[in-house]
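# Observations on the model geometry
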Amino acid sequence: DGAMHGIYVDQNLVGFGGLCKHGEDATRVEVCKLHLKADYQGFGLGRKLLESLIAKAAHKGYKTIELHVTATQTAALGLYVRMGFAQTNRK
């Protein structure tokens, strides 16, 4: 019940990300394995990829989207905050 999306530039895969079903809860999904090559960061491609995953999650009927990110991933943290994600837990 997940999905994997890729983003291409000139037919070259430069990023990817997925949706992983969150346990047995049919209303929750996790964004997982979101990655964009460093040379392609800062051009809005990460945003497009995340928007695509959010749209797919909505299409599949998920109500909650979660993700896990480390504090050292500052670019990713910035993207997630700009996209409306909120921190709910810190480990």
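Relevant structure appears above.
Residues numbered from 1 in each chain as written. Predicted model: local features only at pLDDT ≥ 70, side-chain atom pairs only at ≥ 80, totals over all residues. Heavy atoms only, no water.

## What to know about the nonpolar core
Counting 14 residues, the largest nonpolar core has Leu-19, Val-31, Leu-50, Tyr-80 and Phe-85 as the members making the most contacts within it. Of all the elements in the fold, those that place two or more residues in this core are strand S3 (28-36), helix H1 (45-59) and helix H2 (74-82). Discounting residues that sit within four places of it in the chain, Tyr-80 has contacts with Leu-34, Leu-50, Leu-67, Val-69 and Phe-85. In terms of nonpolar packing, the next biggest core, distinct from the first, is built from five residues, Ile-7, Val-14, Leu-36 and Leu-45 among them. (Core = buried A, V, L, I, M, F, W, Y, C linked by side-chain atoms within 4.5 Å. Buried < 20%, exposed > 50% of the residue type's maximum accessible area, 1.4 Å probe, protein only. Helix = DSSP H or I, 4+ residues; strand = E, 2+ residues; numbered from the N terminus. Contact = heavy atoms within 4.5 Å.)

## With respect to the packing of H1 against H2
Between H1 and H2, the shortest axis-to-axis distance is 11 Å and the interhelical angle comes to 55°. Between H1 and H2, the interaxial angle falls into the category oblique. In the crossing of H1 with H2, the sense of the turn from one axis to the other is right-handed. Taking contact as the criterion, the partners of Gly-46, Arg-47 and Leu-50 in H1 are, on H2, Leu-79, Tyr-80 and Arg-82. Of the residues contributing to the contact of H1 with H2, the split by class is three nonpolar, one polar and two charged. (Axes fitted to C-alpha atoms, helices over the stretch in contact; angles between N-to-C directions. Parallel < 35°, antiparallel > 145°, perpendicular 65-115°, else oblique. Left-handed = near helix turned anticlockwise from the far one by under 90°. Nonpolar A, V, L, I, M, F, W, Y, C, P; charged D, E, K, R; others polar.)

## Points about the state of the cysteines
In the structure shown here, the tally under the stated rule is one disulfide. Here Cys-20 is linked by a disulfide to Cys-32, with a sulfur-sulfur distance of 2.2 Å. In this structure the cystine formed by Cys-20 and Cys-32 twists about its S-S bond by roughly 65°; its chirality is therefore right-handed. One end of the pair, Cys-20, is in strand S2 (residues 12-21); the other, Cys-32, is in strand S3, with 12 residues separating them in the sequence. Taking relative accessible area as the criterion, Cys-32 reaches 12% and is therefore assigned buried. (Disulfide = S-S within 2.5 Å.)

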